[in-house]
Amino acid sequence: MKIAMLLRLLFVLIVAVAPALAQQSRPVVATGLSVAGSAREVTVTVPLSRPLAAPPRAFALPQPMRWAVDLSGASASRIEAGGAGTVKAARVGQFDADIVRVVIDLSAPMRIVKAEQDAKNRLLLTLAPIDAAGFRGLVSRGRNPIPGFTGPAVGAPAAGRLEEVEAILTEQLRAQEAAGKAVAKPVIAPAAPRPAAGKPPATAAPPPAPPSPVVAPPTEAAAAAPRPRGRDGRKPLVVIDPGHGGKDVGAISVNGGYEKTVTLAIAQAAKRAIERDGRLRVRLTRDDDRFLTLGQRQRLARDWGADLFISVHADSAPNAAARGASVYTLSEVASDAQAARLAAKENNADAIAGVTLRGQDRETTGLLIDLAQRDSMNASVDFAQGLQAALEPEGVRFRSRFHHFAGFAVLKNVGVPAVLLETGYLSNAEDSDYLFDRDGQRAVAAGIARAAAEFLTGTQVARR
Ligand SMILES: [Zn+2]
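Since the structure is predicted, the reported quantities are computational estimates derived from the model, not experimental observations. (Residues numbered from 1 in each chain as written. Predicted model: local features only at pLDDT ≥ 70, side-chain atom pairs only at ≥ 80, totals over all residues. Heavy atoms only, no water.)

Some words on the packing of helix α11 (residues 429-436) against helix α12 (residues 438-457)
- The contact between α11 and α12 brings their axes to 4 Å, and the two run at 80°. Regarding the angle of α11 to α12, the classification is roughly perpendicular. Residues Tyr434, Leu435 and Phe436 of α11 form the contact with α12, whose own contacting residues are Arg438, Gly440, Gln441, Ala443 and Val444.
- Taken together, the residues of the contact of α11 with α12 sort by class into five nonpolar, two polar and one charged. (Axes fitted to C-alpha atoms, helices over the stretch in contact; angles between N-to-C directions. Helix = DSSP H or I, 4+ residues; strand = E, 2+ residues; numbered from the N terminus. Parallel < 35°, antiparallel > 145°, perpendicular 65-115°, else oblique. Contact = heavy atoms within 4.5 Å. Nonpolar A, V, L, I, M, F, W, Y, C, P; charged D, E, K, R; others polar.)

Here it is, written out as structure tokens:
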């Protein structure tokens, strides 16, 4: 875009959008909560003080089954209500400085069939039964604006993406030029962009009034999708995280070697391969034998503005015959006992350092998996599949199942697609030989480099 155009857009933003945003800075207050209905249909009603500026964003969570509906630019004190039909109960509360969250507990799978804010400013959420497979599908979809939401201030779903906001403003500028008069206020108030790589969800308060959508960071939804360019216009950045390090040696191989050594060697080889390829930038969370907490690894990825995060590990098992690589993505619930066991082991790194992981009950954990998380989870699955596809031709053996989900702490709150690659079993003699061998390390590294480049340059068609 030309500089002149950019300046004019900024002017438009200041003149036209700023008053709208200032108006929005007064929060919508949730003043009540009620649940009514039958086995066929249940309506959750939340009276609000004024029109919502953007459609609520909703996501489904399993175990326990529930819906969470987020209202941005809102405030509320905690309100609880009993259930009706297959809605067990509901509650409203302040999730963070800007977001009020409505949680709807279910005794059977349900979907939101209708969402509106009526003329009295009441938010009406209508839910109807759905089958278990359908509900799982909704869970995997993550946190999105409720489709078809209607409300006094929201004619159409608000633009979530920077490009859309920019397109609207450009169109208005053209209309203004054509008419030769002052530009009208935007029809659509841009959804407040959240920091693309912000703090953890629990504390990540979005800016109440972003200074300008044009210069604000891209939304997480946009950041989560593979894009041909990095978020700052430079080449996309892949951050590779060699697991363990320092006093945390990780798994110990049949020959007495350490996991931390293998993970660093593979990560360094992958860095060289990515630099040779030239399509991406690459950084390592550690480039020597040092200890990093899981939180420090996440923070580095966020601070550097990573577009993709790959944590490299090697497993061990009591059964010496167990072998093969696996790719894991984050999920609230482990896909199987093996994934759960592994997550517990890898998460233990912080306990080794005497860092206590915050005790979180299931409910809190579920709610902590917030938008950055959810939006990037689907993209993580895409990348996991691409990574396995790139590693197999390099001769890397995989365990039979395609990929797995588990609650890996190191993958949480990164806010971008993130996977954990278990390159093989150090407790297996063949895997161990392969992973300690330079050629083996180079093969794994080549697969990582190719998968990352294909994913981030969009040469491989992603699902979104
Ligand atoms: Zn490990």
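Quick notes on the nonpolar core
- Val238, Ile240, Leu387 and Ile448 are the most contacted members of the largest nonpolar core, which totals 40 residues.
- Those elements that place two or more of their residues in this core are β13 (237-242), α5 (259-277), β14 (281-284), β15 (308-315), α10 (371-391), β18 (418-425) and α12.
- With nine residues, the single largest contributor to this core is α12.
- Leu48, Ala60, Ala76 and Val102 belong to the second largest nonpolar core, which has 37 residues in total. (Core = buried A, V, L, I, M, F, W, Y, C linked by side-chain atoms within 4.5 Å. Buried < 20%, exposed > 50% of the residue type's maximum accessible area, 1.4 Å probe, protein only.)

Concerning the packing of aromatic side chains
- A full pass over the atoms with the stated rule returns two aromatic pairs.
- Residues Trp67 and Phe135 carry aromatic rings whose centres are separated by 6.4 Å and whose planes lie at 85° to one another, so their mutual orientation is edge-to-face. Here Trp67 is found in strand β5 (residues 66-72), whereas its partner Phe135 is found in helix α2 (residues 132-141), with 68 residues between them in sequence.
- If you follow Lys247 out to its NZ or CZ, it ends over the ring of Phe291, 5.1 Å from the centre.
- Between the NZ or CZ atom of Arg283 and the centre of the ring of Trp304, over which it lies, the distance is 4.0 Å. (Phe/Tyr/Trp six-rings, centres within 6.5 Å; stacked < 30°, edge-to-face > 60°. Lys NZ or Arg CZ within 6 Å of the ring centre and 35° of its normal.)

Observations regarding α12
- Over its 20 residues, α12 extends 28 Å from the first C-alpha to the last, a length consistent with the 28 Å expected when each residue adds 1.5 Å.
- Among the 20 residues that make up α12, 14 are buried, leaving the element largely enclosed by the rest of the structure. (Expected span 1.5 Å × (residues − 1).)

Here we look at the environment of Gly257
- By the element assignment, Gly257 lies in the loop between β13 and α5.
- With a relative accessible area of 18%, Gly257 lands in the buried category.
- As a C-alpha pair, Gly257 and Ser432 span 175 residues in sequence and 8.8 Å in three-dimensional space.
- The contacts of Gly257, once residues within four sequence positions are left out, are Ala251, Ile252 and Phe436.

Considering the confidence of the model for the protein chain
- Residues with a pLDDT of 70 or more make up 64% of the protein chain, whose mean pLDDT is 72.
- Ranking the elements of the protein chain by mean pLDDT puts helix α9 (residues 362-368) last with 35 and β14 first with 98.
- In this model, residues 155-229 is a region of pLDDT below 50 whose contacts with residues beyond four sequence positions or in other chains number 138 contacts.
- Low pLDDT, under 50, characterises residues 351-372; the stretch is placed with 45 contacts to residues that sit more than four places away or in other chains. (pLDDT = per-residue confidence, 0-100.)

What about the sheet that holds strand β4 (residues 57-61)?
- Here six strands make up an open sheet; going across it, the order is β7-β8-β9-β5-β4-β12 and the pairing antiparallel. Edge positions in the sheet fall to β7 (79-84) and β12 (144-145), since each of these pairs with one other strand and no more.
- Pairing of β4 with β12, which is carried by two bridges, proceeds in the antiparallel orientation. Across the sheet, Arg57 pairs through a bridge with Pro145, a residue of β12. (Pairing = 2+ DSSP bridges.)

Quick word on the packing of α5 against α12
- Two elements in contact, α5 and α12, have axes whose closest approach is 8 Å; the angle formed by their N-to-C orientations is 50°. Here α12 runs oblique to α5, going by the angle between their axes. The interaxial crossing formed by α5 with α12 has right-handed handedness. Here Ala265, Ile266, Ala269, Ala270, Arg272, Ala273, Ile274 and Asp277 of α5 lie close against α12, whose contacting residues are Arg438, Gln441, Val444, Ala445, Ile448, Ala449 and Ala453.
- Split into classes, the residues belonging to the contact of α5 with α12 amount to eleven nonpolar, one polar and three charged. (Left-handed = near helix turned anticlockwise from the far one by under 90°.)

Things to note about the pairing of β7
- Of the strand pairs in this sheet, β7 and strand β8 (residues 87-94) are connected by five bridges, and their pairing is antiparallel. Each bridged residue has a counterpart across the sheet, and for Ile79 the counterpart in β8 is Val92.
- In this structure, the hairpin formed by β7 and β8 is closed by a connection of two residues, where Gly85 is found at a positive phi of approximately 55°.

Brief notes about the pattern of salt bridges
- Under the defined criterion, the tally for this structure stands at 14 salt bridges.
- The partner of Glu116 in a salt bridge is Lys114, and the shortest N-O contact between them spans 3.2 Å.
- Relative accessible area serves as the criterion here: at 21%, Glu116 is assigned to the partly exposed category.
- Given a relative accessible area of 48%, Lys114 falls into the partly exposed group.
- For the salt bridge of Asp118 with Arg122, the shortest nitrogen-to-oxygen distance reads 2.8 Å.
- Via salt bridges that share partners, Arg323, Glu430 and Asp431 belong to a single interconnected network. (Salt bridge = Lys/Arg side-chain N within 4 Å of Asp/Glu carboxyl O.)

Structural notes on unusual backbone geometry
- One non-glycine residue, Asn121, adopts positive backbone phi at about 70°.
- Mapping Asn121 onto the fold places it in the loop between β10 (110-117) and β11 (122-129).
- Phi at His244 takes a positive value of approximately 65°, unusual for a residue other than glycine.
- Following the sequence through the fold, His244 ends up in the loop between β13 and α5.
- Under the relative-accessibility criterion, His244 is labelled buried at 6%.

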